[in-house]
Amino acid sequence: MHFWAGVSVSIAALVLFKALEVQHCWLWVLTAVLTAAIGKEIKDLLDYGKFDWRDAAYTVIGGGVGFLLSFS
């Protein structure tokens, strides 16, 4: 699930930043994915008492899809 969440966040960010013609689009896509991954785990830490680095890593790996597409 985290992988696909990362894919979704990265593609949504990619579409948004490309539509706005933002310079250094790849950097903003990467920032969006990292923010989503770490933010979700911080929420889990506060709600359930557990921060799972593996979940964050799977989100970032999924986000790599949009990150790679941002160079096209």
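Our structure is the block above this text.
Because the structure is a prediction, the values reported are computed rather than measured. (Residues numbered from 1 in each chain as written. Predicted model: local features only at pLDDT ≥ 70, side-chain atom pairs only at ≥ 80, totals over all residues. Heavy atoms only, no water.)

**Student:** Even after reading the chapter, I still don't get the overall build of the chain, so can you show me in this structure?
**Tutor:** The helix and strand inventory of the chain stands at three helices and zero strands. Along its sequence from the N terminus, the chain presents helices and strands in the succession α-α-α. Relative to a compact globule of 72 residues, whose C-alpha radius of gyration would be 11 Å, the chain shows 12 Å and is just as compact. Along the first, second and third principal axes, the C-alpha atoms of the chain reach 40 × 15 × 15 Å. Counting all 72 residues of the chain, 28% fall into the buried class. The averaged location of the 6 negative side-chain charges in the chain is 3 Å from the averaged location of its 5 positive side-chain charges. (Helix = DSSP H or I, 4+ residues; strand = E, 2+ residues; numbered from the N terminus. Rg over C-alpha atoms; globule rule 2.2 N^0.38 Å. Buried < 20%, exposed > 50% of the residue type's maximum accessible area, 1.4 Å probe, protein only. Lys, Arg positive; Asp, Glu negative; His and termini not counted. Charge placed at Lys NZ, Arg CZ, Asp CG, Glu CD.)

**Student:** Is there a simple way to explain the packing of helix H2 (residues 25–48) against helix H3 (residues 53–69) in this structure?
**Tutor:** When two helices pack together, their arrangement is given by the angle between their axes and by how far apart the axes lie. Between H2 and H3, the shortest axis-to-axis distance is 9 Å and the interhelical angle comes to 160 degrees. As far as their axial angle goes, H3 and H2 are roughly antiparallel. For the pair H2 and H3, the sense of crossing is right-handed. Only Trp53, Asp55, Ala56, Thr59, Val60, Gly63, Gly66 and Phe67 of H3 make contact with H2, whose side of the interface consists of Trp26, Val29, Leu30, Val33, Leu34, Ala37, Ile38 and Glu41. Per-class residue counts for the contact of H2 with H3 are eleven nonpolar, three polar and two charged. (Axes fitted to C-alpha atoms, helices over the stretch in contact; angles between N-to-C directions. Parallel < 35°, antiparallel > 145°, perpendicular 65-115°, else oblique. Left-handed = near helix turned anticlockwise from the far one by under 90°. Contact = heavy atoms within 4.5 Å. Nonpolar A, V, L, I, M, F, W, Y, C, P; charged D, E, K, R; others polar.)

**Student:** Even after reading the chapter, I still don't get the packing of aromatic side chains, so can you show me in this structure?
**Tutor:** Counted according to the given criterion, the structure contains six aromatic pairs. With centroids separated by 5.3 Å and ring planes inclined at 90 degrees, the aromatic side chains of Phe67 and Phe71 adopt a geometry described as edge-to-face. For Phe71, a relative accessible area of 52% corresponds to the exposed category. In this structure an aromatic cluster arises from ring pairing among Trp26, Phe67 and Phe71. (Phe/Tyr/Trp six-rings, centres within 6.5 Å; stacked < 30°, edge-to-face > 60°.)

**Student:** Where do I start with H2 in this structure?
**Tutor:** Since there are 3.6 residues in each turn of an α-helix, residues three or four apart along the chain are aligned in direction. Over its 24 residues, H2 extends 34 Å from the first C-alpha to the last, a length consistent with the 34 Å expected when each residue adds 1.5 Å. Looking only at H2, the buried set comprises Cys25, Val29, Val33, Ala37, Glu41 and Asp44. Taken together, the buried residues of H2 touch helix H1 (2–19) and H3. Directly after H2, the chain includes Gly49, whose backbone phi takes a positive value near 80 degrees. (Expected span 1.5 Å × (residues − 1).)

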